[in-house]
Amino acid sequence: MSEMTPKKCGQRRCLGCLVSDDKGKLLRVVVENGTLRLDNKQSFQGRGAYLHRSAECYERCQSAKRWEKALCLPAGSLKLRDLQRVLGGVFAAPATQKKIRL
Ligand SMILES: [Zn+2]
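Summary of the structure given here. (Residues numbered from 1 in each chain as written. Predicted model: local features only at pLDDT ≥ 70, side-chain atom pairs only at ≥ 80, totals over all residues.)

1. A closer look at the overall build of the protein chain
In step 1: Tallying secondary structure elements over the protein chain gives 3 helices and 5 strands in all.
In step 2: What you see in the protein chain, going N to C, is helices and strands ordered as β-β-β-β-β-α-α-α.
In step 3: Of all 102 residues assigned to the protein chain, the portion counted as buried reaches 17%.
In step 4: In the protein chain, 47% of the contacts between residues at least 6 apart in sequence involve partners at least 24 apart. (Helix = DSSP H or I, 4+ residues; strand = E, 2+ residues; numbered from the N terminus. Buried ≥ 20, exposed ≤ 12 C-beta atoms within 10 Å, placed from the backbone. Contact = placed C-beta atoms within 7 Å.)

Take a look at the structure:
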């Protein structure tokens, strides 16, 4: 697999829609000591996978295989429910319904 287009600096590919975007617009998920975690400050070392803050992209990445590949994990080591636990809070409410109640 080779890509013809050069990689743009600071751009990462969303695992949901597979579109490259500015990494500031993407959530970063890393594996640290075998644990999946959300890297809010994008400061963790190691290999990360990226995802738009979009429920649509989240729906599209419900494949453990895709995450394993992105994070260089052995096949079968990632559980989809772990992913859902890590990302569930972020995507619990659809953005269109997000309202602040006082
Ligand atoms: Zn996306």
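2. Here we look at the sheet that holds strand E3 (residues 26-32)
Two orientations exist for strands paired in a sheet by backbone hydrogen bonds: parallel and antiparallel.
In step 1: Here 3 strands make up an open sheet; going across it, the order is E4-E3-E5 and the pairing antiparallel. On the outer flanks of this sheet lie strand E4 (35-38) and strand E5 (48-52), each paired with one strand and no other. Pairs of neighbouring strands in the sheet enclose a mean axial angle of 25°, with direction left out of account. (Pairing = 2+ DSSP bridges. Axes fitted to C-alpha atoms, helices over the stretch in contact; angles between N-to-C directions.)

3. Thoughts on unusual backbone geometry
In step 1: Phi at Leu18 is positive, roughly 65°, even though this residue is not glycine.
In step 2: Examined against the element boundaries, Leu18 turns out to sit in the loop between strand E1 (11-13) and strand E2 (20-22).
In step 3: We classify Leu18 as exposed; it has 11 C-beta atoms within 10 Å.
In step 4: Backbone geometry at Asn33 places phi at a positive 50°, although glycine is not the residue there.
In step 5: If you trace the backbone, Asn33 turns up in the loop between E3 and E4.

4. Re the environment of Arg81
In step 1: The residue Arg81 is located in helix H3 (residues 80-88) in this model.
In step 2: In sequence terms Arg81 and Ala64 are 17 residues apart; their C-alpha atoms lie 9.1 Å from each other.

Read these as spatial facts, not as claims about activity.
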